[in-house]
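Given next are the chains, with one letter for each unit.
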Amino acid sequence: MSEVSHTPLGPPKPRTLAVDCGGGGIKSCILDAGGFQIGPPQRTALRYPLSPDDLLGIVADHAQSLGEFDRITLGMPGMIRHGVVVYTPHYIRRSGPHTKIVPELAEAWDHLDMAAVLEERFAVPALVLNDAEVAAAGVVSGRGSELVITLGTGLGSALVDDGQLAPHLELSHAPMRWGLTYDDVIGEAERIRLGDSAWSRRVLRALEYLWPVFRWDRLYLGGGNSARISPTVRARLGDNVSFIPNAAGMNGGVRAWSLARPHR
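Let me sum up the structure you'll find in this document. (Residues numbered from 1 in each chain as written. Predicted model: local features only at pLDDT ≥ 70, side-chain atom pairs only at ≥ 80, totals over all residues. Heavy atoms only, no water.)

## What about the packing of aromatic side chains?
Each aromatic ring pair is characterised by the separation of its centres together with the angle its planes make. This is how the line gets drawn: Any two of the Phe, Tyr and Trp rings considered here, Trp counted by its six-membered ring, make a pair once their centres fall within 6.5 Å; the pair's planes then place it as stacked at under 30 degrees, edge-to-face at over 60, or tilted in between. Secondary structure is summarised from DSSP: a helix means a run of H or I of at least four residues, a strand means a run of E of at least two, and numbering begins at the N terminus for each. For a ring to carry a charge above it, either NZ of a lysine or CZ of an arginine must fall within 6 Å of the ring centroid while also lying within 35 degrees of the normal to the ring plane.
One pass over the full model with this rule turns up four aromatic pairs. Here the aromatic rings of Y48 and Y91 are separated by 6.5 Å at their centres, their planes lie at 45°, and the arrangement is tilted. Taken as a pair, Y48 in the loop between strand 3 (37-45) and helix 1 (52-66) and Y91 in the loop between strand 6 (84-87) and helix 2 (103-109) lie far apart in primary sequence, 43 residues in all. An aromatic cluster is built from Y48, Y91 and W109, whose rings are joined through pairwise contacts. Stacked on the ring of F243, the Lys or Arg R234 has its end atom at 3.9 Å from the ring centre.

## So, the sheet that holds strand 15 (residues 241-243)
Heads up, the rule is: In this scheme, strands are said to pair when DSSP sees at least two bridges between them. In this analysis, two residues are considered to be in contact whenever any of their non-hydrogen atoms come within 4.5 Å of each other. Here, axes are lines fitted to C-alpha atoms. For helices the fit covers the stretch in contact, and angles between N-to-C directions go from 0 to 180 degrees.
In spatial order, the strands read 11-10-9-14-15; together these five strands make up an open sheet with mixed pairing. Because the sheet does not close on itself, it has two edges, and the strands there are strand 11 (164-165) and strand 15. In this structure, strand 9 (residues 145-151) lies alongside strand 14 (residues 218-222), joined through five bridges in parallel fashion. Each residue of the ladder has a partner; that of I149, found in strand 14, is L221. On the sheet, helix 7 (residues 196-214) packs against strand 9, strand 10 (155-161) and strand 14 and is oriented at approximately 155° with respect to strand 9.

## Thoughts on unusual backbone geometry
Backbone phi values are negative for most residues with the exception of glycine, while trans is the configuration of most peptide bonds. Going by this rule: For every residue, the accessible area obtained with a 1.4 Å probe (protein chains only) is divided by the maximum for its type, and the residue is called buried under 20%, exposed over 50%, and partly exposed between those limits.
Along the chain, Y48 connects to P49 via a cis peptide bond; the corresponding omega equals -5°. Looking at the secondary structure, you find P49 in the loop between strand 3 and helix 1. Although it is not a glycine, A123 sits at a positive phi angle of roughly 60°. Along the chain, A123 falls in the loop between helix 3 (114-122) and strand 8 (126-130). A relative accessible area of 67% means that A123 is categorised as exposed.

## Here we look at helix 3
Heads up, the rule is: Our arc is simply the arc of the directions from the helix axis toward the C-beta atoms.
Burial in helix 3 covers these residues: M114, A115, L118 and F122. All buried residues of helix 3 lie within an arc of 100° about the axis, which places them on one face of the element. Packed against the buried residues of helix 3 are helix 1, strand 4 (71-76), strand 6, helix 2, strand 7 (112-113) and strand 8. After helix 3 finishes, the residue A123 shows a positive phi value of roughly 60°.

## Digging into helix 1
Quick note on the threshold: Expected helix span is taken as 1.5 Å per residue step, with the number of steps being one fewer than the number of residues.
Counted at 1.5 Å a residue, the expected span for helix 1 with its 15 residues is 21 Å, and the 21 Å between its end C-alpha atoms agrees. Along helix 1, the residues that are buried comprise P52, L55, L56, I58, V59, A60, H62, A63 and L66. At the exit of helix 1 stands G67, carrying a positive phi of roughly 105°.

## Here's the deal with the layout of surface pockets
Formally: Lining residues are those with an atom within 4 Å of a point, where the points come from a 1 Å grid over the protein atoms alone and group into cavities, where a 1.4 Å probe fits but cannot get out, or pockets, open sets with protein on both sides within 12 Å along at least five of seven lines. Grid points are joined across faces, edges and corners, and a volume is the space filled by probe spheres set on the points. Lys, Arg, Asp and Glu make up the charged group, whereas Ala, Val, Leu, Ile, Met, Phe, Trp, Tyr, Cys and Pro make up the nonpolar group; the residues left over, Gly among them, are polar.
Roughly 640 Å³ of volume is contained in the largest pocket. Lining the largest pocket are 35 residues, with G22, G23, D131, G152 and T153 sitting closest to its centre. When contributions to the lining of the largest pocket are tallied by element, the ones reaching two or more residues are strand 1 (16-21), strand 2 (25-31), helix 4 (131-137), strand 9 and strand 10. In terms of residue count, helix 4 provides more of the lining of the largest pocket than any other element does, three residues in total. The residue inventory of the lining of the largest pocket, partitioned by class, reads nine nonpolar, 19 polar and seven charged.

## Points about the sheet that holds strand 5 (residues 79-81)
Backbone-to-backbone hydrogen bonds join strands into a sheet, with any given pair of strands oriented parallel or antiparallel. An order of 5-6-7 is seen for the three strands of this open sheet, with the pairing classed as antiparallel. Two strands in the sheet have a free side with no partner beyond their single neighbour: strand 5 and strand 7. Across three bridges, the pairing between strand 5 and strand 6 is antiparallel. Within strand 6, the residue paired with I80 across the bridge is V85.

## Considering the state of the cysteines
Note on terminology: a disulfide is the covalent bond linking the sulfur atoms of two cysteines. The cut-off we apply is this: Cysteine sulfurs are considered disulfide-paired once they come within 2.5 Å of each other.
Summed over the entire model, instances satisfying the criterion amount to zero disulfides. In this structure C21 is not part of a disulfide, and its nearest cysteine sulfur, from C29, lies 12 Å away. The exposure class assigned to C21 is buried, which follows from its relative accessible area of 0%. Taking relative accessible area as the criterion, C29 reaches 0% and is therefore assigned buried.

## Description of the environment of W216
The topology assignment puts W216 in the loop between helix 7 and strand 14. Put simply, W216 and V160 are 56 residues apart on the chain and 9.8 Å apart in space, counted from C-alpha to C-alpha. Dropping the residues within four chain positions of it, W216 is found in contact with S145, L147, L207, L210, W211 and N240.

## Quick look at the pairing of strand 1
Along strand 1, six of the six residues are buried, which leaves the element largely enclosed by surrounding structure. Because side chains alternate across strand 1, one face comprises the buried residues T16, A18 and D20, and the other comprises L17, V19 and C21, equally buried. Note that strand 1 and strand 2 share six bridges and pair antiparallel. Following the sheet pairing, C21 is matched in strand 2 by I26. A loop of three residues connects strand 1 with strand 2, the two strands running antiparallel in sequence. As paired elements, strand 1 and strand 4 share five bridges and run parallel to each other. Looking across to strand 4, one finds that L17 is bridged to I72.

Here it is in structure tokens:
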């Protein structure tokens, strides 16, 4: 009788390098085919100003520490269209959000094909989306109209219709009141200035403004600051509102490939 060779199969492929680019830091991890993390994640605090080469360097450092991967999912703030950075609000500034724009950086990021740059650098397929869209991929049910709002440095958003990402809209830059944008009114700078209770009431008002626009079947609130929403405001939210973990920004890195519309 011939012997059967038992070769260890290892983690199922593809292995995805998931990169979550925030206003305060870059986080990366390796995900298996089921979207589960393989090993601990890596995090690097941001030092402004941040050029495309700076970001690529951080991703390369994380990749070297995390091990082999077959593709990359990168989520970053701003208007990302078909893997191209149409506009990013924070990385073009001298010292981070709400500081002076550096013209050279604005030019470097303007319409940069980030997906193509990643593919050339790492020789694997790359998917580049707005960071809220990657978070959405990690939590939505795929049924009905689902809106994801992330609260962090600013306001991130993603709309998913029956399991497919809708074209991205930068709600954060839309006027909210007093000639100020949603970012201006409920961003991190205002939360620090107002305190969590008053800031939470502003978040509730923002959601009331957005309801007639979207009339979502389910709303998901995430990002680092969603945990700071006061119990009083939480009690006033409807039954169709769910809170999601901050880790969704990385854990959606696998499912994002099936939610995103093909463009290449």
